[in-house]
Amino acid sequence: MNAISYCRVSTDAQAKSGAGLDAQKAAIESYAAANGLTITAAFVDAGVSGAAPIAQRVGLVAAVAAITKGTVLLIAKRDRLGRDQLTTLGIERAIQKKGGSIVSADGIANGTAAADQFMRSILDAAAAFELSLIKSRTLAAVDAKRKKGQRLGEIPFGYELGSDGLLVEVAAEQNVIAKIMQCRAAGLSLRAIAKILDSAGHPTKKGHSTQCTKHNSTGKVRQGRSGHWSPVVVRAILARQAGLSA
């Protein structure tokens, strides 16, 4: 019997290290050899969440398309198909309509009996539940860091990183934030606020918005602009301030 193998890892780090993919491939190949399956094609989704829409699961879409009557989609574990119950069920039905089936290398719930079908529904529910737990823990950790004033990603405008790793307010930038808030409260648009900040020469986080002197390839002096304020930057600052006051 022919088999199509499919592997998935959810993070870029796992994809780059190959550790997760290598373990899945080894489990799949071992199961195929022990059960007389011939792997005719292999597909991978590297760095793709199990909760991602089917359209973003290029490897899975290709694997399902390669299924023909009597062919098996061989995976390491059931949760590699996804962590959304409806999506996983849709994948399974699509494969069944093509005359194929899904087999897990861990040997769990591979049969067609009622007990196997029930176990697969339990596994799908457990995969979805685990994803919810991961999201909850991540949000809780981010919220805890935010409340402690610890850095989250890039250093935000209005702050600098202290020696203890905590965010420290920068007076000049805090004054700019206050000005942005005042302008917004007065009903000014994001674009209008950005122009005001540029005209006043307030520096952005990446540089100064004032006119700066540059030399072109001919050696002539020309005027350029560095660290230009944009509506997007203004919106981000307003959104962060709203989050801090929430």
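Keep in mind that this is a model prediction, so the values were computed, not measured.

> Looking at this structure, I do not really get the sheet that holds strand β4 (residues 101-104). What am I missing?
Overall, parallel pairing links the four strands, which are arranged β2-β1-β3-β4 in an open sheet. Each having just a single partner strand, β2 (38-46) and β4 make up the two edges of the open sheet. In this sheet, neighbouring strand axes are inclined to one another by 25° on average, regardless of whether the strands run parallel or antiparallel. Examined bridge by bridge, strand β3 (residues 72-75) and β4 share four bridges and lie parallel to one another.

> Teacher, can you tell me more about the packing of helix α6 (residues 171-185) against helix α7 (residues 190-200) here?
Describing two packed helices takes the angle between their axes plus the distance from one axis to the other. Where α6 meets α7, the axes come as close as 10 Å, and the angle between the chain directions of the two elements is 140°. Judged by the angle between their axes, α6 and α7 are oblique. When the axes of α6 and α7 are compared, the crossing they make is right-handed. Of the residues in α7, those in contact with Val176, Lys179, Ile180, Cys183 and Arg184 of α6 are Leu190, Ile193, Ile196, Leu197 and Ala200. Class assignment of the residues belonging to the contact of α6 with α7 gives a composition of eight nonpolar, no polar and two charged.

Quick notes on the rules
Residues numbered from 1 in each chain as written. Predicted model: local features only at pLDDT ≥ 70, side-chain atom pairs only at ≥ 80, totals over all residues. Heavy atoms only, no water. Pairing = 2+ DSSP bridges. Helix = DSSP H or I, 4+ residues; strand = E, 2+ residues; numbered from the N terminus. Axes fitted to C-alpha atoms, helices over the stretch in contact; angles between N-to-C directions. Parallel < 35°, antiparallel > 145°, perpendicular 65-115°, else oblique. Left-handed = near helix turned anticlockwise from the far one by under 90°. Contact = heavy atoms within 4.5 Å. Nonpolar A, V, L, I, M, F, W, Y, C, P; charged D, E, K, R; others polar.

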